[in-house]
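# Secondary and tertiary structure notes
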Amino acid sequence: QVQLVESGGGLVQAGGSLRLSCAASGNIFSISAMGWYHQAPGKQRELVAVITGGGSTNYADSVKGRFTISRDNAKNTVYQHMNSLKPEDTAVYYCNLHGRWWDDARPGKEEDYWGQGTQVTLSS
């Protein structure tokens with residue numbers, strides 16, 4: 001099974017920066033995309049940024065120009081550089097992987113895997 005481990009969250013002042021990391025492990029066959037979602041209290045989880053295996057990226061309008069997603073394919077790790085953080089960025093950030101793993105001798109079906117989440121809190 002695939003496991004995702006996030007790190008880098010914490011308390012940061014408005015206007016500051018953080019870098020989130022998410023390392024995927026397991027018997028991975030292929031990764032179609034990895035991304036970051038966030039969920040604020042009382043709100044639905046929503047997409048923040050996604051990057052495909054080929055390097056194409058997509059961002060939520062609220063973070064364009066401030067956040068940058070990148071990936072180290074060799075390490076199966078995705079990063080999210082967050083700059084000019086705002087109070088409204090406060091949320092739990094979840095790493096997502098969409099891909100396939102080796103199921104015995106054949107690739108398994110494409111599935112979504114989620115990390116446990118890392119809290120990002122903006123302070124004044």
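What counts and what doesn't
Residues numbered from 1 in each chain as written. Predicted model: local features only at pLDDT ≥ 70, side-chain atom pairs only at ≥ 80, totals over all residues. Heavy atoms only, no water. 1 Å grid on protein atoms, 1.4 Å probe; cavity = no way out; pocket = protein on both sides within 12 Å on 5 of 7 lines; lining within 4 Å. Points joined across faces, edges and corners; volume = space filled by probe spheres on them. Nonpolar A, V, L, I, M, F, W, Y, C, P; charged D, E, K, R; others polar. Phe/Tyr/Trp six-rings, centres within 6.5 Å; stacked < 30°, edge-to-face > 60°. Helix = DSSP H or I, 4+ residues; strand = E, 2+ residues; numbered from the N terminus. Buried < 20%, exposed > 50% of the residue type's maximum accessible area, 1.4 Å probe, protein only. Lys NZ or Arg CZ within 6 Å of the ring centre and 35° of its normal. Pairing = 2+ DSSP bridges. Axes fitted to C-alpha atoms, helices over the stretch in contact; angles between N-to-C directions.

In this model, the largest pocket occupies a volume close to 200 Å³. In terms of lining residues, the largest pocket is bounded by 13 residues, among which His38, Lys43, Glu46, Glu88 and Asp89 are the most central. Residue composition of the lining of the largest pocket, grouped by class: 2 nonpolar, 5 polar and 6 charged.

Aromatic ring pairs: the centre-centre distance and the angle between the two ring planes describe each pair. Within the structure shown, the criterion is met by 3 aromatic pairs. For the pair Trp101 and Tyr113, a centre-to-centre distance of 5.6 Å together with 85° between the ring planes defines the contact as edge-to-face. With Trp101 in strand S9 (residues 91–103) and Tyr113 in strand S11 (residues 111–114), the pair connects residues that are 12 residues apart, well separated along the chain. Considered together, Trp101 and Tyr113 belong to a single accessibility category, that of buried residues. The ring of Tyr94 is capped by Arg45, whose NZ or CZ atom sits 3.6 Å from the centre of that ring.

This part covers the environment of Lys75. With respect to the helices, strands and loops of the structure, Lys75 is situated in the loop between strand S7 (67–72) and strand S8 (77–82). Residue class for Lys75 comes out exposed when judged on its relative accessible area of 55%. Taking the C-alpha atoms as reference points, Lys75 and Leu122, separated by 47 residues in sequence, lie 29 Å from one another.

The strand order across the open sheet built from 4 strands is S1-S3-S8-S7, with neighbouring strands paired in antiparallel fashion. For this open sheet the edge positions go to strand S1 (3–7) and S7, each flanked by a neighbour on one side alone. Ignoring which end each strand starts from, the neighbouring axes of this sheet average 15° apart. With 6 bridges connecting them, strand S3 (residues 18–25) and S8 associate as antiparallel partners. Within S8, the residue paired with Arg19 across the bridge is His81.

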